[in-house]
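Structure at a glance
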Amino acid sequence: MPTPWESLSQHQKAAVLHDESPAAVFAGPGSGKTRVVTLRTARLITQGKNILVTTFTNDATQEMRHRVEQLVSKTDSNRAHITTLHALCLSLLRKQKVTFQLLTDEFQRRSLAEAAQAHDLDGGVGGFLSLTSYLKNQGQTATTYQHDGSSQDRDFLFAWRDYERRKAEKGLREFDDLILDAKQLLEQNDAVRREFANAYSHIIVDECQDMNTPQYAIVFALGKDHKNLMLVGDMDQSLYGFRGADTETFRRFSQHPRTTVYELRENYRSTRSIIHFADSIIRQDTERRALVFLPTRPEGDPVQWQRYPDPDIEAIAVGEQILRLHNGGANYSDMALLYRTNAQSEAFERNFAALEIPYLMKESGDFYARKEVQGLLAYLHFFADKDQQGNTGGDEWLLALLNVPNRKLSRMVGGQLRNYAEIRGRRIWEVLGDFHADSLHAHKTLRSLREELLKIEAKLPSITHAGEAIHTIRQVTYFDDWLKKSEKDERDNDRLQNVQRMQSAAAHYATIAEYLAAVQKVRDEAERRKAERAKKRKKEEAVTFCTGHSAKGLEWRFVFAVGWSEQILPHHKSEDIAEERRIAYVMATRAKDRLVISSLESWNDAITSPSRFLMQAQILPTTATPQEEKVEQTEQEDLIGGLFLVDV
């Protein structure tokens, strides 16, 4: 009876049959990487080996377990410990009786940061939490971090230490802490390291290009004795530099003389035209380790590149193409809309709702569920209600905007306002000028809020479209200053882009009421999707919306990669153009049968040109030449040297 790996390609089979010693597997998109990891795991199990397999996400863990269980018996499958690194570290710490509670509540996390005065720092609480997470992913702690001597950095370190102290007092640890705690335990207690490491004869690390340096240190510590460590990844798909992803360790590990290197070159997913296009994008990075692609499918449809004046026309045009595909027999679930920033989804959500195209969001929450967008909607609803109800204004909307921007009003203030109005049989807006809050701060703040609302109201009669109303609200309330100071996004500060996109979209509607009606249609669609998910359907018949980051590891027959323009892709906030190029590459390689790229001539009321990645791309195939790389002494070498117990 033939073994499952007999049907593999030469490159796949070689990696599956690897027995002992370190190995590095460079796996291009659509190359059957998961199949290789699964079959090697199953093969080692049949030899009586105990294997540790680490994956990057919980979903990948479940998928890998399911695949292994289909190849070996239920009893034998227990020989494979398939887990994420965070779950592995949690298990290690629990076995050592380390007591703590995981801090998973975001409100509690932000409250602790507020108490540590993080709101006074540049970037506010959001920026503080993002920076501490990034530093931990690089192996830094509040104890080891050295400030740069500036007052700003000293204040940051003071807040960080206070934040960690408050966590310790409550016995709390974050997910980032699990990695650092486990790393420290393995480095300082060799008996514990040996006990834990001896449970496995082989280690396979999947998606290693997304791992950070402390995570590498853990798997190297566990593989230090037997050295049967296989790292599997693709540096061309490393997208998490903002989280401290470390590609250099993978690179240097693969260059070590004791490491056997395998390349999974075949692409079983995409047509030749798509592969050639994607290859012409990634080749623009002359510093990468080149991988020669071997297409296995026919040429297929040419990659299309289309340009549109603005996001709304782009959304309508893409929507019409999707409708034609669907009318021609294609399933909506075979299609995906990929974009660089979450702000781009707004035009597609609004127009797809009008076109009655079903869609689902890969990320949690649609555009109009985002905090800053919800805040502006509260203002719009408040003034729309005032128009309809004769200068009263909806109580629920007034209460919703009390802390938008954050005015540091306690939750009790809203309840007190409601009670005060109900006793007098009036609306909250009508009594706002008479209400006397318990504290001087709340009293002054409510007075200021009333003056702001009156100032906005006075300007509304002269507006020519709903976008001007949003612009007025942003100006009068200093909305943007709040976002810059207190609501910095951990990835690329999308919040300001979200409100600008909202304002630009609203400019298409003559009145606030018309814009809110269009938004309500989108919200109704979101509720419909939520109801469908509640039915636990295996696969919803809808177009997938997601960012390039979230698309990694997924594939669709038809992919519409939108907004490939300067300022968007590459993102105007990005300092790593190579990573932006990899995001474009990942988007392109998600497509199986057809890839449609589109660019904008204007974005958020600013003129923009096509993405530099498109301008330099080539549709025709080119020849790869591996790049010679200079090896320098770094921390990665120390880690790898520790694994091999020899100098690199």
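Residues numbered from 1 in each chain as written. Predicted model: local features only at pLDDT ≥ 70, side-chain atom pairs only at ≥ 80, totals over all residues. Heavy atoms only, no water.

A closer look at the overall build of the chain
On a plain count of helices and strands, the chain comes out with 28 helices and 18 strands. Its C-alpha radius of gyration of 27 Å places the chain within 12% of the 26 Å reference for a compact globule of 648 residues. The principal-axis extents of the C-alpha atoms in the chain amount to approximately 80 × 60 × 50 Å. The 648 residues of the chain split such that 56% are buried. Intrachain contacts of the chain at a sequence separation of at least 6 include 79% that bridge at least 24 residues. Counting only carbon and sulfur atoms, one obtains 48% of the accessible surface of the chain, whose full area is about 28600 Å². (Helix = DSSP H or I, 4+ residues; strand = E, 2+ residues; numbered from the N terminus. Rg over C-alpha atoms; globule rule 2.2 N^0.38 Å. Buried < 20%, exposed > 50% of the residue type's maximum accessible area, 1.4 Å probe, protein only. Contact = heavy atoms within 4.5 Å. Areas by Shrake-Rupley, 256 points an atom, 1.4 Å probe, with all protein chains shown as cover.)

Details of the packing of helix α5 (residues 85-95) against helix α11 (residues 213-222)
Across the interface, α5 lies against α11 with an axial gap of 11 Å and an inter-helix angle of 60 degrees. For the element pair α5 / α11, the angle class is oblique. The way α5 lies across α11 gives a crossing that is left-handed. Contact residues: α5 offers Leu-85, His-86, Leu-88 and Cys-89, while α11 offers Gln-215, Ile-218, Val-219 and Leu-222. Residue composition of the contact of α5 with α11, grouped by class: 6 nonpolar, 2 polar and no charged. (Axes fitted to C-alpha atoms, helices over the stretch in contact; angles between N-to-C directions. Parallel < 35°, antiparallel > 145°, perpendicular 65-115°, else oblique. Left-handed = near helix turned anticlockwise from the far one by under 90°. Nonpolar A, V, L, I, M, F, W, Y, C, P; charged D, E, K, R; others polar.)

Side note on the layout of surface pockets
In this structure, the second largest pocket encloses a volume near 380 Å³. In terms of residue count, helix α9 (residues 175-188) provides more of the lining of the second largest pocket than any other element does, 7 residues in total. Classifying every residue of the lining of the second largest pocket gives 3 nonpolar, 7 polar and 7 charged. (1 Å grid on protein atoms, 1.4 Å probe; cavity = no way out; pocket = protein on both sides within 12 Å on 5 of 7 lines; lining within 4 Å. Points joined across faces, edges and corners; volume = space filled by probe spheres on them.)

Some words on empty space enclosed by the protein
Tallying each qualifying case throughout the model produces 2 cavities of 30 Å³ or more. Of the volumes computed, that of the largest cavity is approximately 60 Å³. What lines the largest cavity is simply Pro-29, Asn-267, Ser-270, Ile-274, Ile-275, Ala-278, Asp-279, Phe-293, Tyr-585 and Thr-589. Looking at the lining of the largest cavity, the element that brings in the most residues is helix α13 (residues 272-282), giving 4 residues. Considering only residue class, the lining of the largest cavity consists of 6 nonpolar, 3 polar and 1 charged.

Considering the confidence of the model for the chain
The pLDDT averaged across the chain works out to 87; a share of 90% of its residues lies at or above 70. Model confidence for the chain, summarised as mean pLDDT per element, is weakest for helix α28 (residues 635-644) at 52 and strongest for strand β15 (residues 556-561) at 98. (pLDDT = per-residue confidence, 0-100.)

A word on the pattern of salt bridges
Enumeration over the complete set of coordinates arrives at 44 salt bridges. Between Glu-555 and Arg-269 there is a salt bridge, and its shortest N-O distance comes to 2.8 Å. Pair noted here: Glu-555 is in the loop between α25 (548-551) and β15 and Arg-269 is in the loop between β9 (266-267) and α13, with a separation of 286 residues, a long-range link. The class of Arg-269 is buried, set by a relative accessible area of 11%. Between Arg-427 and Asp-395 there is a salt bridge, with its nearest N and O atoms 3.4 Å apart. (Salt bridge = Lys/Arg side-chain N within 4 Å of Asp/Glu carboxyl O.)

Notes on the state of the cysteines
Going through the model one piece at a time under the given rule, you end up with 0 disulfides. Cysteine Cys-89 shares no disulfide, and the gap to the nearest cysteine sulfur, in Cys-208, comes to 16 Å. (Disulfide = S-S within 2.5 Å.)

Section: the sheet that holds strand β6 (residues 202-205)
Reading across the sheet, the 6 strands line up as β3-β2-β6-β7-β1-β8 and stay open at both edges, with parallel pairing between neighbours. Each edge of the open sheet is held by one strand with a lone partner, namely β3 (80-84) and β8 (260-264). The mean angle between the axes of side-by-side strands here comes to 15 degrees, regardless of whether they run parallel or antiparallel. Pairing geometry for strand β1 (residues 23-27) and strand β7 (residues 229-233), over 4 bridges, is parallel. Along β7, the bridge assignment pairs Ala-24 with Leu-231. Against the sheet, helix α3 (residues 58-71) touches β2 (51-55) and β3, its axis set at about 160 degrees to β3. Its contacts with the sheet put helix α12 (residues 247-255) on β1, β7 and β8, and the angle it makes with β1 is roughly 120 degrees. (Pairing = 2+ DSSP bridges.)

Re helix α10 (residues 190-197)
All buried positions along α10 are accounted for by Val-192, Arg-193, Phe-196 and Ala-197. The buried residues of α10 occupy an angular sector of 125 degrees when the element is viewed end-on, so they sit on one face. Exposed positions of α10 whose direction lies more than 90 degrees from the buried face are Ala-191 and Glu-195. In this structure, the buried side of α10 is in contact with α5, α9 and α11. Measuring from the backbone nitrogen of Ala-191 back to the side-chain oxygen at the start of α10 gives 3.2 Å, which picks out Asn-189 as the cap. (Arc of directions from axis to C-beta. Polar contact = N/O pair within 3.5 Å; in protein donor to acceptor, adjacent residues only side chain to side chain.)

What about the packing of aromatic side chains?
Between two aromatic rings, the relevant description is the distance of the centres plus the angle of the planes. Evaluated as defined, the whole model comprises 23 aromatic pairs. Each ring, one from Phe-56 and one from Tyr-240, has its centre 5.7 Å from the other, and the planes form 45 degrees; the classification is tilted. In this pair, Phe-56 is assigned in the loop between β2 and α3 and Tyr-240 in the loop between β7 and α12, connecting sequence segments 184 residues apart. The class for Phe-56 is partly exposed, based on a relative accessible area of 31%. For the pair Phe-352 and Tyr-359, a centre-to-centre distance of 6.5 Å together with 75 degrees between the ring planes defines the contact as edge-to-face. Under the relative-accessibility criterion, Phe-352 is labelled buried at 0%. Take Tyr-359: its relative accessible area is 0%, and that puts it in the buried class. (Phe/Tyr/Trp six-rings, centres within 6.5 Å; stacked < 30°, edge-to-face > 60°.)

Concerning the sheet that holds strand β11 (residues 304-308)
Across the sheet, 6 strands lie side by side as β11-β16-β15-β12-β14-β13; this open sheet has parallel pairing. Of all strands in the sheet, those with a lone pairing partner are β11 and β13 (359-361), marking the two edges. Adjacent strand axes in the sheet meet at a mean angle of 25 degrees when their direction is disregarded. Summarising the sheet, strand β12 (residues 335-339) and strand β14 (residues 543-547) pair through 4 bridges and their orientation is parallel. Paired with Ala-336 across the bridge in β14 is Thr-544. Sheet strands touched by helix α14 (residues 311-327): β11, β12, β14, β15 and β16 (591-600). Its angle to β11, the strand with the most contacts, is close to 140 degrees. Helix α15 (residues 345-355) rests against β12, β13 and β14 of the sheet, and its axis sits at about 150 degrees to β13.

Considering the nonpolar core
One finds Leu-380, Leu-446 and Tyr-515 to be the most contacted residues of the largest nonpolar core, which totals 74 residues. With 9 residues, the single largest contributor to this core is helix α16 (residues 371-388). Excluding residues that lie within four positions of it along the chain, Tyr-515 makes contacts with Tyr-368, Leu-377, Leu-380, Ala-466, Ile-470, Met-502, Ala-506 and Tyr-509. (Core = buried A, V, L, I, M, F, W, Y, C linked by side-chain atoms within 4.5 Å.)

A look at the side chain of Asn-604
Structurally, the position occupied by Asn-604 is in the loop between β17 (602-603) and β18 (606-607). For Asn-604, a relative accessible area of 13% corresponds to the buried category. Residues contacting Asn-604, with those up to four places away along its chain left out, are Gln-497, Gln-500, Arg-501 and Ser-504.

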